[in-house]
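Below are the chains, spelled out letter by letter.
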Amino acid sequence: MFAAERRQLILEMVRANGAVSLRELARVVQTSEVTVRRDVRALEAEGLLDRRHGGAVLPGGFTRESGFPQKSHLATAEKTAIADLAASFVEEGEAIVVGAGTTTQELARRLARVPGLTVVTNSLLVAQALAHANRVEVVMTGGTLRGSNYALVGSGAEQSLQGLRVSRAFLSGSGLTAERGLSTSNMLSASVDRALVQAAAEVVVLADHTKLGTDTMFQTVPTDVITRLVTDEPPAHDDRAATELQALADQGVQIAVAGAGASGNAGGDPAPAPPGRRRDVSLPGPRRQGPGAGPLLRPAAVPGEQPPGADRARVADLRRR
């Protein structure tokens, strides 16, 4: 393998996994660790990655994506509450797309009870959760399997979404800010998520409070394209998350806050609202409809919106805590 080919493969591995050891890189490119170390040093000089002791990571201060085992044990109560609430926005007979992620996997488990539903997904975990649902049709994209999150990515996945039109897209990611919108740490995943957004009239983002205010490398959904954010109530001491919620609401994103049940707050703070309780913040002004053209796969009634500013005080109160 030529040096240019080795370095391209090394770069793709680091972008796909966030961090890779020199030993693993040497095994994949079938050369010595000394040669790989030299390749990593050359890529770092070009600003394409950063060296770390014994390996290489994504460049700069961007948050690195965790693997599925780590993600599945983070904020589990919050993800459950978010999934419960997000499922309430899905109507019988609707056609939707659901992206990859641990929160969207929780959502899929609840969608199994919605009759006449059509779900388009690139996630093996979402498809597995719906595999035995009697009246739910699952349509999977093509593509190459990305083992770290069990998702299909690449040109095959993106091409299979061309010409598709559905009512809503449900997406998660690694970070969410009012400035950049939803983002992820992996370039291939970001490209497929953008294709999913192109297929939908509305975009619903599922993100727990730990992702609010976090910025990662690749933008997937700009803020002005996000119709609604479904999240959990930030802890009283989390000023960053509360500030970010207010900033998102100020830009016209409808905020639906789900309680995390009895997960508990330190310091004797009041317990969050019960799972599934809906608190929408709806601001004046029309929201931008998702890109694309053509009829929906299946007509679906959009759930009724709250009156403009009906519960905006709730988000403001989060910021004052």
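Residues numbered from 1 in each chain as written. Predicted model: local features only at pLDDT ≥ 70, side-chain atom pairs only at ≥ 80, totals over all residues. Heavy atoms only, no water.

Digging into the overall build of the protein chain
Step number 1: Summing up its helical and strand segments, the protein chain has 11 helices and 16 strands in all.
Step number 2: Here the protein chain, with 321 residues, has 52% of them falling under the buried criterion.
Step number 3: By sequence separation, contacts in the protein chain at least 24 residues apart represent 70% of the contacts at least 6 residues apart.
Step number 4: Here the protein chain displays about 14,100 Å² of accessible surface, and carbon together with sulfur accounts for 51% of that area. (Helix = DSSP H or I, 4+ residues; strand = E, 2+ residues; numbered from the N terminus. Buried < 20%, exposed > 50% of the residue type's maximum accessible area, 1.4 Å probe, protein only. Contact = heavy atoms within 4.5 Å. Areas by Shrake-Rupley, 256 points an atom, 1.4 Å probe, with all protein chains shown as cover.)

As for the packing of helix α5 (residues 76-87) against helix α6 (residues 102-111)
Step number 1: The contact between α5 and α6 brings their axes to 8 Å, and the two run at 50°. Judged by the inter-axis angle, α5 sits oblique to α6. For α5 against α6, the interelement crossing comes out right-handed. Only Thr102, Thr103, Glu106, Leu107, Arg110 and Leu111 of α6 make contact with α5, whose side of the interface consists of Lys79, Thr80, Ile82, Ala83, Asp84, Ala86 and Ala87. (Axes fitted to C-alpha atoms, helices over the stretch in contact; angles between N-to-C directions. Parallel < 35°, antiparallel > 145°, perpendicular 65-115°, else oblique. Left-handed = near helix turned anticlockwise from the far one by under 90°.)

What about the pairing of strand β11 (residues 181-184)?
Step number 1: Two elements, strand β10 (residues 175-177) and β11, share 3 bridges in a ladder whose sense is antiparallel. Among the inter-strand pairings, glycine 175 is bridged to a residue of β11, identified as serine 183.
Step number 2: From the end of β10 to the start of β11, which pair antiparallel, there are 3 residues.
Step number 3: Pairing between β11 and strand β13 (residues 218-221): 3 bridges, direction antiparallel. Across the sheet, the residue bridging to leucine 182 is valine 221, located in β13. (Pairing = 2+ DSSP bridges.)

So, the sheet that holds β11
Step number 1: Taking strand neighbours across the sheet as the criterion, the 3 strands line up as β10-β11-β13 in an open arrangement whose pairing is antiparallel. Looking at the sheet topology across the chains shown, the edges are occupied by β10 and β13. Strand-to-strand, the axes of this sheet are offset by a mean angle of 40°, without reference to chain direction.
Step number 2: Strands β11 and β13 of the sheet are contacted by helix α9 (residues 187-198), whose axis makes an angle of about 20° with β13.

Some details on the packing of helix α2 (residues 22-29) against helix α3 (residues 33-45)
Step number 1: Two elements in contact, α2 and α3, have axes separated by 9 Å at closest approach and are oriented at 105°. Relative to α3, α2 is oriented roughly perpendicular. The segment α2 lies against α3, with Leu22, Arg23, Leu25, Ala26 and Val29 engaging Glu33, Val36, Arg37 and Val40.
Step number 2: Split by residue class, the contact of α2 with α3 holds 6 nonpolar, no polar and 3 charged. (Nonpolar A, V, L, I, M, F, W, Y, C, P; charged D, E, K, R; others polar.)

Let's talk about the confidence of the model for the protein chain
Step number 1: On average, residues of the protein chain carry a pLDDT of 78, and 75% of them reach 70 or more.
Step number 2: Under a pLDDT of 50 for its full length, residues 68-74 has, in the predicted model, 11 contacts with residues more than four places off or in other chains. (pLDDT = per-residue confidence, 0-100.)

Some thoughts on the sheet that holds strand β2 (residues 50-52)
By definition, the strands of a sheet pair up through backbone hydrogen bonds, in either a parallel or an antiparallel sense.
Step number 1: An order of β1-β3-β2 is seen for the 3 strands of this open sheet, with the pairing classed as antiparallel. Edge positions in the open sheet fall to β1 (19-21) and β2, since each of these has one partner strand only. For this sheet the average axis-to-axis angle between neighbouring strands, irrespective of direction, equals 25°.

Observations regarding the side chain of threonine 220
Step number 1: With respect to the secondary-structure elements, threonine 220 resides in strand β13.
Step number 2: Using a relative accessible area of 4% as the deciding quantity, one classes threonine 220 as buried.
Step number 3: Setting aside chain neighbours within four positions, we find threonine 220 in contact with Leu182, Ser183, Thr184, Ala190, Asp193 and Arg194.

Some details on the environment of glycine 55
Step number 1: Tracing the backbone shows glycine 55 in strand β3 (residues 55-57).
Step number 2: Expressed as a C-alpha distance, the spacing of glycine 55 and valine 40, which sit 15 residues apart in the sequence, is 8.4 Å.
Step number 3: Excluding its chain neighbours within four sequence positions, the residues that come into contact with glycine 55 are Val20, Ser21, Leu22 and Asp50.

As for the side chain of histidine 209
Step number 1: Note that histidine 209 resides in the loop between β12 (200-206) and β13.
Step number 2: Setting aside residues up to four positions removed in sequence, histidine 209 forms contacts with Glu78, Thr231, Asp232, Pro234, Pro235, Asp238 and Ala241.

Digging into the packing of aromatic side chains
Step number 1: Going through the model one piece at a time under the given rule, you end up with 0 aromatic pairs.
Step number 2: The lysine or arginine in question, arginine 228, covers the ring of phenylalanine 89, its NZ or CZ lying 4.0 Å from the ring centre. (Phe/Tyr/Trp six-rings, centres within 6.5 Å; stacked < 30°, edge-to-face > 60°. Lys NZ or Arg CZ within 6 Å of the ring centre and 35° of its normal.)

With respect to the nonpolar core
Step number 1: Counting 34 residues, the largest nonpolar core has Leu176, Val205, Val221, Leu229, Leu248 and Ile255 as its most contacted members.
Step number 2: Where this core is concerned, the elements lending two or more residues are β4 (95-98), β9 (166-171), α9, β12, α10 (239-250) and β15 (254-258).
Step number 3: Dropping the residues within four chain positions of it, leucine 176 is found in contact with Gly181, Leu182, Val205, Ala207, Lys211, Leu212, Gly213, Thr214, Ile226, Leu229, Glu244 and Leu248.
Step number 4: Residues Leu85, Ala86, Leu107 and Val230 belong to the second largest nonpolar core, which totals 26 residues. (Core = buried A, V, L, I, M, F, W, Y, C linked by side-chain atoms within 4.5 Å.)

Thoughts on α5
Step number 1: Over its 12 residues, α5 runs 16 Å from end to end, which matches the ideal 16 Å to within 8%, given 1.5 Å per residue.
Step number 2: Listed as buried for α5 are Glu78, Lys79, Ala81, Ile82, Ala83, Leu85, Ala86 and Ala87. (Expected span 1.5 Å × (residues − 1).)

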